[in-house]
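So the chains spell out like this:
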Amino acid sequence: MKTVINTIKLQIDAKSCNESFARTAVASFAAQLDPTIDEINDLKTAVSEAVTNCIVHSNSKTVLIEASLWRNDREEAVTKKPTKILTEKYQCGIAIAITDFGTGIANIEKALEPFYTTKPDQERSGMGFTVMQSFMDSLKVTHAKPSGTIVQMTKTFNNCAGA
Amino acid sequence: MQVKTRAHKNTLFISLDGELDEFTAEYTRINLDQAMIQTRAAQIVIDLANLRFMDSTGIGVLIGRYKKMKDKNIPIYISNPSTQAERIFKMTGLYSIMPKVQGGVS
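Here the structure is a predicted model, which is why all the values come from computation and not from measurement.

**Student:** Explain the layout of surface pockets to me, please; I cannot follow it from the model alone.
**Tutor:** Picture a little ball the size of a water molecule; that probe, rolled over the atoms, points out where space is still empty. All names here are of chain A. Empty space within the largest pocket amounts to approximately 590 Å³. Counting residues per element, the ones that place at least two in the lining of the largest pocket are α2 (37-58), β3 (92-100), α5 (128-135) and β5 (149-157). Broken down by element, the residue count for the lining of the largest pocket peaks at eight residues, all from α2. A per-class count over the lining of the largest pocket returns 12 nonpolar, 16 polar and five charged.

Encoded structure:
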């Protein structure tokens, strides 16, 4: 079973000057699980994409970033894989939810398509969600209530011996 | 973000030093255009060795510059991308219009 070991909640103004802060803050928070440099950089890129979407497209004044760190229980590691226990490392990872309170996405399915952009005149690649999907283990995009968008992402870190 | 340029023989080398995201995109765009429009070089190499961060906003910036230089028949090449930048370039097919080359500005 996954146990949540730490959480943060961070609300920022939807300004592009906060992007670097947002991705660095989440990366610093995740650093306590001792992920690899590549895992940290994947995380930073995905967070940056999600926050960029909020700032460029949502018309929301603020962006809410929630993150939780988890690891699996010792019992599970012992009972489920008894033969591998000597080499088995704890699994751990991060779950992130990035919420805006703006206009929302009319067609989420369409928005998730590679190269789809609502602002083709602004030199936009339309690859934000594709990058998030590729750099994280899971991506879920839903409507927020009463309006806005929630982007949920998870990533498991490979070596969690220190967690 | 700093956009540094250096001409060597028939090549214009441009180094992007810093982080390329929504916040720095406009500045980067303007400075790249300034460097590229003046150039008499036959080719341009954009060196990313000192680019500490880039997300898909960077793809928009690069493709925009490609379109401008295509009209002048000046090819653009990419050198020294980070692991993450390289993955974004591969998934967007950027290398088919801006091939990767060895070497950089220094």
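**Student:** Explain the interface of chain B and chain A here, please?
**Tutor:** It is common to report an interface's size as the accessible area lost on association of the parts. Contact residues are listed per partner, giving 21 residues for chain B and 25 residues for chain A. Taken together, both faces of the contact between chain B and chain A bury some 1900 Å²; the carbon and sulfur share is 50%. By the criterion of area lost to chain A, the three top residues of chain B are B:Glu22, B:Gln84 and B:Met91, representing 30% of everything that side buries. The shortest N-O distance in the salt bridge between B:Arg29 and A:Glu123 comes to 2.8 Å.

**Student:** Would you explain the sheet that holds β3(A) in this entry?
**Tutor:** Remark on secondary structure: sheet strands pair via backbone hydrogen bonds, oriented parallel or antiparallel. Residue and element names in this part refer to chain A. In spatial order, the strands read β1-β2-β3-β5-β4; together these five strands make up an open sheet with antiparallel pairing. The open sheet has two edge strands with one neighbour each: β1 (2-13) and β4 (138-143). Geometrically, the sheet is characterised by an average inter-axis angle of 15 degrees between neighbouring strands, direction not taken into account. Of the strands in this sheet, β1, β2 (62-72), β3 and β5 are in contact with helix α1 (residues 19-30), which crosses β1 at around 160 degrees.

**Student:** In this structure, what is going on with the packing of aromatic side chains? I would like to understand it.
**Tutor:** Remark: the centre distance and the inter-plane angle together describe each pair of aromatic rings, the angle taken between the planes. Under the criterion given, the structure shown has one aromatic pair over all chains. Taking the ring centre of A:Phe135 as reference, the NZ or CZ of B:Arg87 above it sits at 4.1 Å.

**Student:** Mind showing me how you'd approach the pairing of β2(A) here?
**Tutor:** Remark: a regular strand shows side chains that alternate across the two faces of the sheet. Residue and element names in this part refer to chain A. The buried fraction of β2 amounts to nine of the 11 residues, a majority that puts the element mostly inside the structure. Note that β1 and β2 share 11 bridges and pair antiparallel. Bridging from a neighbouring strand, threonine 3 pairs with arginine 71 of β2.

**Student:** Whenever I open this one, the packing of helix α1 (residues 22-38) of chain B against helix α2 (residues 57-71) of chain B confuses me. Can you help?
**Tutor:** How two helices pack is summed up by the angle between their axes together with the distance between the axes. Residues and elements named next belong to chain B. As a packed pair, α1 and α2 sit with axes 10 Å apart at the nearest point and diverge in direction by 20 degrees. Overall, the two elements α1 and α2 adopt an arrangement that is roughly parallel. The crossing of α1 and α2 is right-handed. Residue-level contacts link Glu22, Ala25, Thr28, Arg29, Leu32, Asp33, Met36 and Ile37 of α1 to Thr57, Val61, Arg65, Lys68 and Met69 of α2.

What counts as what
Residues numbered from 1 in each chain as written. Chains lettered and ligands numbered in written order. Predicted model: local features only at pLDDT ≥ 70, side-chain atom pairs only at ≥ 80, totals over all residues. Heavy atoms only, no water. 1 Å grid on protein atoms, 1.4 Å probe; cavity = no way out; pocket = protein on both sides within 12 Å on 5 of 7 lines; lining within 4 Å. Points joined across faces, edges and corners; volume = space filled by probe spheres on them. Helix = DSSP H or I, 4+ residues; strand = E, 2+ residues; numbered from the N terminus. Nonpolar A, V, L, I, M, F, W, Y, C, P; charged D, E, K, R; others polar. Contact = heavy atoms within 4.5 Å. Buried area = accessible area lost by both parts, 1.4 Å probe. Salt bridge = Lys/Arg side-chain N within 4 Å of Asp/Glu carboxyl O. Pairing = 2+ DSSP bridges. Axes fitted to C-alpha atoms, helices over the stretch in contact; angles between N-to-C directions. Phe/Tyr/Trp six-rings, centres within 6.5 Å; stacked < 30°, edge-to-face > 60°. Lys NZ or Arg CZ within 6 Å of the ring centre and 35° of its normal. Buried < 20%, exposed > 50% of the residue type's maximum accessible area, 1.4 Å probe, protein only. Parallel < 35°, antiparallel > 145°, perpendicular 65-115°, else oblique. Left-handed = near helix turned anticlockwise from the far one by under 90°.

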